[in-house]
Amino acid sequence: MARFDGLWSKKTLIGLVLGQFVSLLITSTGFSSSELSRRGINAPTSQSFLNYLMLAFVYGAFVIYRKRRLQIDWYYYLMLAVVDVEANFLVVKAYQYTSLTSVMLLDCWSIPCVIFLTWIFLKTKYGLWKFVGVAICVAGLVLVVFSDVHASDHEAGSNPVKGDMLVIAGSTLYAVSNVSEEFLVKKAERVELMAMLGTFGAVVSACQISILERNELKSIHWTAGAVLPFLGFALAMFLFYSTVPVILKISGSTMLNLSLLTSDMWAVLIRIFAYHQKVDWMYFIAFGAVAVGLVIYSGGSKIDANIAQVAEAKEGDEESVVNNLVQ
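Residues numbered from 1 in each chain as written. Predicted model: local features only at pLDDT ≥ 70, side-chain atom pairs only at ≥ 80, totals over all residues. Heavy atoms only, no water.

A. View of unusual backbone geometry. Even without being glycine, K67 reaches a positive phi, approximately 55°. Note that K67 resides in the loop between α2 (44-66) and α3 (74-94). Taking the relative accessible area as the measure of exposure, K67 reaches 77% and is therefore exposed. Even without glycine at this site, K123 takes up a positive phi of about 60°. For K123, the position within the fold is in the loop between α5 (110-121) and α6 (128-145). Among the residues examined, K123 registers a relative accessible area of 62% and is labelled exposed. (Helix = DSSP H or I, 4+ residues; strand = E, 2+ residues; numbered from the N terminus. Buried < 20%, exposed > 50% of the residue type's maximum accessible area, 1.4 Å probe, protein only.)

In structure tokens:
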């Protein structure tokens, strides 16, 4: 039988814990965006701009202080910033045209994209148990989508086809961004990556704001109720972007995207305990399925390696028996 000794390594546990930390951060950004939307504020690029600005100032100060040459050419960071800014913009924009259910379901498109990109460009090898973990995670999210907890989400939206295309495009760009970050953080370092992504992200966002959201910002009545969600969103995104490179270096971009699937479950738990809302029982089954899938995926390499070792041992035993018979 296969032995699963050492499945729960320190590296695996750190990857799982950090994955749920960034999932909670994404949940908090969702609540901040919902509050801004409820107040009639629709400026997705402006929300992200504050995050990029914080990254540029905090991590850029370290880069300037060290006075080192960039380990990666600057134009790679520029391309990454463009992809990242547009991914955030497209997915947030999609909520104006399609339903929440469609966004949740189509957002899973980033997972097969990440697996394909890491397999092609990063030469990442995926064993059977890795795919089992992915399948269980996605199945858990499908349960969420078709549960009655979203019973109020019956409207398809003003333009469902356009909204769905925006989500698919945004999810694809998220996959490209995550895989690119995984490559860059392993070739260079986290501080340089965050500093350059923040700098170029702020520049790209500023240009886009001046074209698309200038009138929207002028029409906003800046009260405490409008400023606080903006600042909360920026702080959560800053912590999210600061933690993501660590996860990418430890567990890879596929594990990151699987961990983010639990953000919707955390949102439900917050609504239960903070707002005393009732939810469908399928949500708890879905939460457990995603958790099991994450555990299987994070330990998949060790499981596949142990099975391979057992197979090799059996093959060696058979060869020794045959040799003895021949002798």
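This is not the end of the story, as more comes after the structure.
B. Expanded view of the nonpolar core. Membership of the largest hydrophobic core comes to 33 residues, with the highest contact counts inside it found for L55, Y77, L193, M194 and Y241. Elements that contribute at least two residues to this core include exactly α1 (10-38), α2, α3, α7 (160-187), α8 (190-219) and α9 (224-250). When residues in this core are grouped by element, the largest group, nine residues, is from α9. Aside from chain neighbours lying at most four places away, what touches M194 is L55, Y59, E181, Y241, S242 and P245. (Core = buried A, V, L, I, M, F, W, Y, C linked by side-chain atoms within 4.5 Å. Contact = heavy atoms within 4.5 Å.)

C. Structural view of empty space enclosed by the protein. Counted according to the given criterion, the structure contains two cavities of 30 Å³ or more. Roughly 60 Å³ of internal volume is contained in the largest cavity. In terms of lining, the largest cavity is formed by V63, R66, R68, R69, L70, Q71, E189 and E192. Considering only residue class, the lining of the largest cavity consists of two nonpolar, one polar and five charged. M265, V268, L269, I272, Y283, F284 and F287 together form the lining of the second largest cavity. Of all the secondary structure elements, the ones that give two or more residues to the lining of the second largest cavity are α11 (263-275) and α12 (282-298). Among the elements that make up the lining of the second largest cavity, the one with the highest residue count is α11 (four residues). Grouping the constituent residues of the lining of the second largest cavity by class yields seven nonpolar, no polar and no charged. (1 Å grid on protein atoms, 1.4 Å probe; cavity = no way out; pocket = protein on both sides within 12 Å on 5 of 7 lines; lining within 4 Å. Points joined across faces, edges and corners; volume = space filled by probe spheres on them. Nonpolar A, V, L, I, M, F, W, Y, C, P; charged D, E, K, R; others polar.)

D. A look at the UniProt feature "transmembrane region" (unreviewed entry) in the chain. Per the UniProt record, "transmembrane region" (unreviewed entry) is found at residues 12-29, 49-65, 74-95, 101-121, 128-146, 191-212, 224-248 and 281-299. Taken end to end, residues 224-248 has its terminal C-alpha atoms 36 Å apart, with 100% of it in helix and 0% in strand. (UniProt positions renumbered as here; feature names shortened; annotations may be inferred.)

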